[in-house]
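# Structural description and commentary
For reference, the chains in residue letters:
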Amino acid sequence: MRYTILGSPLGELLATGDDVGITELYLPTGRHPTVPASGCPRDDATFAQLRAELTQYFAGERRQFDVALHAKGSEFQQQVWQALREIPHGETTTYGRIAARIGRPTASRAVGLANGQNPISIVVPCHRVIGADGSLVGYGGGLDAKRWLLAHEAAHAGLFSS
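Conventions we followed
Residues numbered from 1 in each chain as written. Predicted model: local features only at pLDDT ≥ 70, side-chain atom pairs only at ≥ 80, totals over all residues. Heavy atoms only, no water. Helix = DSSP H or I, 4+ residues; strand = E, 2+ residues; numbered from the N terminus. Contact = heavy atoms within 4.5 Å. Phe/Tyr/Trp six-rings, centres within 6.5 Å; stacked < 30°, edge-to-face > 60°. Buried < 20%, exposed > 50% of the residue type's maximum accessible area, 1.4 Å probe, protein only.

## Quick notes on the environment of Val-137
As for its position among the elements, Val-137 is in the loop between β5 (129-130) and α5 (143-156). Taking the C-alpha atoms as reference points, Val-137 and Pro-36, 101 residues apart in sequence, are found 27 Å from one another. When neighbours within four sequence positions are excluded, Val-137 is seen to be in contact with Tyr-95, Val-129, Ile-130, Gly-131, Leu-143 and Lys-146.

## Details of the packing of aromatic side chains
Enumeration according to the criterion identifies three aromatic pairs in this entry. Note on Tyr-57 and Phe-58: the rings are 5.2 Å apart at their centroids and 70° apart in plane angle, and the pair reads as edge-to-face. Pair check on accessibility: Tyr-57 and Phe-58 agree, each one buried. Look at Tyr-57 and Phe-65: their rings are 5.5 Å apart centre to centre, the planes differ by 45°, and that puts the pair in the tilted class. Just as Tyr-57 is buried, Phe-65 falls in that class too. Linked through ring pairs, Tyr-57, Phe-58, Phe-65 and Trp-148 together constitute an aromatic cluster.

Shown next as structure tokens:
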């Protein structure tokens, strides 16, 4: 396991990864610490692709990410996280719609829990999930960060195709 710190308009992001891919990406305003685990070495070179893709995303030049991911979670969580990656840039959806999409139409609460456990913010866009009534609901990075990310994506939604 290795880590890096990445600058962003939202502050410094903590990224961790292993030989397979990115394992975590946390915002500084969230409920997860933005300090690496003790004994985890810093290795900025390992995260060059993530750094480049996030730079492009924040510049409004990237709509989806290609960096390899290695999030650890249950099979159900993996299904939810994959469904999150399929939400188009600049759009939002609800927990209920994700539950239906993964074939578990009565599991919207479980989808909400899995969404909240997403360890790779921004790249796995859990910020694109809103309440059934259209309200902004909890976000591990804080509601201000969620508002910022949604506004940023809405402003750049139709500009690029990468």
